Amino acid sequence: MRFKCAQVSGRMHTWSTDETGVHGRPAGVQGRPPHLPHQQKPTQGDRDVEMPATDQHDKEFTALDINARIPRGARWEGRRSGGSGGGGLQVWTFLLLCLVLTLVLINDMVTYGHLDEAGSEVVSHPPMQVVVYYEALCPDSRYFVLKQLVPTYEKLHTIMTISFVPYGKAQTTEKDGKYVFTCQHGPVECRANMVHACVTNVVHDEAKQLNIISCMIDKNDQPVKVGEKCMEKFGEPWSDVAKCVDSDKGPSILKHMGDMTHSLRPRVTFIPTVEIDGSLSEQSQIQQNLLKVLCRRYKGPKPPSC
């Protein structure tokens with residue numbers, strides 16, 4: 001027999017036939033499939049398949065998708081293996097590329113920036129270097145340290161560093177192999193400057209150094225007594241500072257402070273003088289509002305206090 005497949009809505013259906021006609025068909029299909037006598041044989045010209053002789057009763061012909069003849073597992077296995085393993089090689093190449101790109105990204109973040117709390121990249125900027133040239137008994141120096149420097153550091157300590165140079169308008173001479181200092185506010189100031197200089201040499205923690213110096217400059221008429229009290233107040237031993245002051249180390253440090261002060265260009269005309277990142281500009285604005293100047297000059301993301 002020769003039959004053609006009936007297709008409804010893109011689906012293939014099975015037909016059951018006998019000598020006289022159709023026993024069943026899908027719902028919605030009108031008519032019957034073509035019926036040929038059992039004696040008719042397929043011709044070679046039609047290129048039909050010769051059907052073997054069967055029973056006179058029902059014969060079923062089912063149209064099948066050729067792909068359905070291949071087991072599902074076998075189809076996927078073939079894609080994975082690909083004969084020469086090409087598919088597996090592509091997967092490993094892709095994974096390796098992802099790993100390389102991830103390592104490059106991590107390296108860039110470590111080198112050029114970091115991630116903030118929100119997860120966005122933030123470029124790192126170095127803190128501004130603030131150097132204060134002052135005198136221990138100078139009223140203007142006292143006012144600047146207590147009213148400008150301390151509150152500004154409390155708000156902007158993440159974007160600034162502080163260094164102290166206690167010397168001011170003093171002069172240094174050498175006599176009999178020893179340094180002799182002449183200070184603007186008398187010998188007591190020279191003694192106080194040396195105590196301050198030794199504190200900067202002994203105490204290395206920046207915040208603690210600022211606390212001790214601001215404590216001493218608040219009332220510095222008795223430099224040794226006040227220095228000892230302020231050192232102990234912030235948990236530092238006075239003995240190291242006392243050894244510095246009473247030895248040749250103290251005068252040598254103070255002499256170095258004087259060299260730093262005299263090397264400034266333009267030369268110091270007002271005390272305190274504040275250097276920011278090597279610049280001596282805007283001295284008047286710095287004396288009046290240090291925080292505002294630092295916020296304006298900082299090139300990185302502004303802290304909330306700005």
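No experiment lies behind these values; they were computed from the predicted model shown.

This part is about the side chain of His-196. Here His-196 lies in helix H4 (residues 187–202). Side chain to side chain, His-196 and Asn-220 meet in a polar contact 2.7 Å long.

Turning next to a positive patch on the surface. Taken together, the side chains of Lys-219, Lys-225, Lys-229 and Lys-233 define a basic patch exposed on the protein surface. You can see Lys-233 is positioned in helix H6 (residues 223–233). Classification of Lys-233 as exposed rests on a relative accessible area of 59%.

Another point: the side chain of Gln-148. Structurally, Gln-148 can be placed in helix H3 (residues 139–156). When residues no more than four places from it in sequence are discounted, the contact partners of Gln-148 are Tyr-143, Ile-286, Gln-287, Gln-288, Asn-289 and Leu-290.

Another point: a nonpolar patch on the surface. Together, Leu-96, Leu-99, Val-100, Leu-103, Val-104 and Ile-106 give the surface a local cluster of nonpolar side chains, amounting to about 530 Å² of exposed area. Since its relative accessible area comes to 43%, Val-104 is described here as partly exposed.

Moving on, we come to helix H8 (residues 249–262). The terminal C-alpha atoms of H8, which comprises 14 residues, lie 20 Å apart, in line with the 20 Å expected from a rise of 1.5 Å per residue. Among all positions in H8, only Gly-250, Pro-251, Ile-253, Leu-254, Met-257, Gly-258 and Thr-261 are buried. All buried residues of H8 project into a common sector of 160° when viewed along the axis, lining one side. At its buried positions, H8 is contacted by strand S8 (128–134), strand S9 (160–166), strand S11 (178–182), H4 and helix H7 (238–246).

Before going further, it helps to spend a moment on the sheet that holds S8. Two orientations exist for strands paired in a sheet by backbone hydrogen bonds: parallel and antiparallel. Spatially, three strands are ordered S9-S8-S12 in an open sheet, and the strand pairing comes out mixed. Looking at strand neighbours, the two that pair on one side only are S9 and strand S12 (273–276), the edges of this open sheet. Neighbour-to-neighbour, the strand axes of this sheet turn through a mean angle of 20°, independent of strand direction. In the sheet, S8 pairs with S9 via seven bridges, with the strands oriented parallel. Looking at S9, one finds that Val-132 is bridged to Phe-164. Running over the sheet, H3 touches S8, S9 and S12 and is turned about 160° from S9. Packed on one face of the sheet, H8 meets S8 and S9 and runs near 110° to S9.

What describes two packed helices is the angle between their axes and the distance between those same axes. One way to put it is that H4 packs onto H6 with a least axis distance of 9 Å and a crossing angle of 25°. Classified by the angle their axes make, H4 and H6 are roughly parallel. In the crossing of H4 with H6, the sense of the turn from one axis to the other is right-handed. Contact with H4, carried on its side by Val-188, Arg-191, Ala-192, Val-195 and Val-199, involves Pro-223, Val-224, Gly-227 and Met-231 of H6 and no other residues of that element. Broken down by class, the residue content of the contact of H4 with H6 amounts to seven nonpolar, one polar and one charged.

Conventions and cut-offs
- Residues numbered from 1 in each chain as written.
- Predicted model: local features only at pLDDT ≥ 70, side-chain atom pairs only at ≥ 80, totals over all residues.
- Heavy atoms only, no water.
- Helix = DSSP H or I, 4+ residues; strand = E, 2+ residues; numbered from the N terminus.
- Polar contact = N/O pair within 3.5 Å; in protein donor to acceptor, adjacent residues only side chain to side chain.
- Patch = residues over 30% accessible without salt bridge, like charges linked within 9 Å, V, L, I, M, F, W, Y side chains within 5 Å.
- Areas by Shrake-Rupley, 256 points an atom, 1.4 Å probe, with all protein chains shown as cover.
- Salt bridge = Lys/Arg side-chain N within 4 Å of Asp/Glu carboxyl O.
- Lys, Arg positive; Asp, Glu negative; His and termini not counted.
- Charge placed at Lys NZ, Arg CZ, Asp CG, Glu CD.
- Buried < 20%, exposed > 50% of the residue type's maximum accessible area, 1.4 Å probe, protein only.
- Contact = heavy atoms within 4.5 Å.
- Expected span 1.5 Å × (residues − 1).
- Arc of directions from axis to C-beta.
- Pairing = 2+ DSSP bridges.
- Axes fitted to C-alpha atoms, helices over the stretch in contact; angles between N-to-C directions.
- Parallel < 35°, antiparallel > 145°, perpendicular 65-115°, else oblique.
- Left-handed = near helix turned anticlockwise from the far one by under 90°.
- Nonpolar A, V, L, I, M, F, W, Y, C, P; charged D, E, K, R; others polar.

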